[in-house]
Amino acid sequence: MTLTELKYIVAVAREKHFGKGADACHVSQPTLSVAIKKLEEELQVKLFERNANEITVTPLGEEIIRQAQSVLEQADSIREIAKRGKDPLAGALRLGVIYTIGPYLLPDLVRQTIATMPQMPLMLQENFTVKLLEELRNGEIDCAILAEPFPDTNLAIAPLYDEPFMAAVPSAHPLAERASITAEEIKKETMLLLGNGHCFRDHVLEVCPEFARFSSNSDGIRKSFEGSSLETIKHMVAAGMGITLVPRLGVPKEAFAPNGDAKKRGRSKAAAEPPSFIKYLPFTGHIPSRRVVLAWRRSFTRYEAIAALRNAIYACELPGVTRLS
């Protein structure tokens with residue numbers, strides 16, 4: 001048995017398809033199939049049930065594939081230990097980030113890592129929390145920046161910062177004349193939500209749980225609309241379709257400028273979004289927020305890389321958040 005054969009069976013189990021598994025391993029399907037058949041003959045067990053439309057893992061195969069995944073991780077650890085002997089930060093770090101953090105944290109974070117750790121480039125992936133947790137377990141990424149809460153998967157967790165939310169309202173809305181807003185007041189408004197799968201959607205529904213019912217029936221379209229990203233949602237707010245919550249790092253700097261400066265920036269081509277279209281309001285009383293953390297497998301051996309990444313995150317500007325140590 002070889003590490004390559006173990007890699008093949010793990011890929012097929014993950015993809016539930018021989019062709020997709022071969023693509024993931026960058027080999028032809030016949031090459032992968034022959035290798036898996038050879039391994040099954042060596043072990044004298046059947047790892048997969050091959051049906052016309054799908055591939056399923058046998059009960060004994062599931063146990064063998066779990067062990068194979070562990071063996072592959074240990075093999076990677078040997079390589080990492082060897083690299084650490086030369087330079088603990090040498091080599092790329094595979095970092096996953098959820099969609100509602102990536103656009104606002106990554107530009108500054110990438111600049112920080114290039115300046116301080118050029119030998120450790122970040123291989124970045126944006127995805128949903130559930131998908132990133134799965135990729136962490138499978139060893140497809142090394143670490144991930146997530147927002148709590150998420151299912152306990154026995155990962156190592158380091159808190160990064162607590163981030164408050166702000167309300168985004170159309171500039172023509174009566175609430176735009178206010179200096180602040182309460183969580184109770186937004187419950188009376190048309191709320192714009194992210195689609196299913198976004199943890200930020202759940203954060204908004206924690207503040208306004210009554211909006212949860214609108215996504216399950218056709219009448220809800222009168223009170224609740226969905227968008228694919230926070231930036232899309234902000235454009236919908238600017239168009240007057242409703243209001244939403246935005247994490248503090250997602251609020252453009254122009255929103256905090258004095259009115260005169262904001263108007264000048266609004267006329268500039270460099271302005272990402274004319275401040276006159278959206279008013280961002282802080283909350284009074286109970287302030288909705290989220291905790292952002294860095295998660296990694298406990299078996300991951302590049303401790304110095306994790307520490308260096310945390311330091312790079314702390315070196316970012318991060319306006320308006322509460323840093324955690």
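Just above, that's the structure.
Residues numbered from 1 in each chain as written. Predicted model: local features only at pLDDT ≥ 70, side-chain atom pairs only at ≥ 80, totals over all residues. Heavy atoms only, no water.

**Some remarks on the overall build of the protein chain**
- Counting its secondary structure elements, the protein chain contains 11 helices and 12 strands.
- A burial count over the protein chain gives 46% of its 325 residues as buried.
- Long-range pairs, those at least 24 residues apart, make up 74% of the contacts in the protein chain between residues at least 6 apart in sequence. (Helix = DSSP H or I, 4+ residues; strand = E, 2+ residues; numbered from the N terminus. Buried < 20%, exposed > 50% of the residue type's maximum accessible area, 1.4 Å probe, protein only. Contact = heavy atoms within 4.5 Å.)

**Considering helix α5 (residues 102–116)**
- Between the first and last C-alpha of α5 there are 20 Å, a value that for 15 residues agrees with the 21 Å anticipated at 1.5 Å per step.
- Restricting attention to buried positions, one finds in α5 the residues G102, Y104, L105, L106, D108, L109, Q112 and T113.
- If you follow the buried residues of α5, they end up packed against β3 (93–98), β4 (122–127), β5 (143–147), β6 (156–170), α9 (230–238) and α11 (303–314). (Expected span 1.5 Å × (residues − 1).)

**Observations regarding the pattern of salt bridges**
- As enumerated under the stated definition, the model contains 14 salt bridges in all.
- For R291, the salt bridge is made with D162, and the minimal N-O distance between the two is 2.7 Å. Here R291 is found in strand β11 (residues 289–296), whereas its partner D162 is found in strand β6, with 129 residues between them in sequence.
- Its relative accessible area of 33% is what places R291 among the partly exposed residues.
- Taken together, the shared-partner salt bridges in this structure form one network comprising R14, E15 and E140. (Salt bridge = Lys/Arg side-chain N within 4 Å of Asp/Glu carboxyl O.)

**Some words on the pairing of β3**
- The buried fraction of β3 amounts to 5 of the 6 residues, a majority that puts the element mostly inside the structure.
- As a crossover connection, the stretch from β3 through α5 into β4 is right-handed.
- The sheet contact formed by β3 and β5 spans 3 bridges and is parallel. Residue pairing in the sheet places V97 in a bridge with I145 of β5. (Right-handed = clockwise from strand over helix to strand, strands pointing away. Pairing = 2+ DSSP bridges.)

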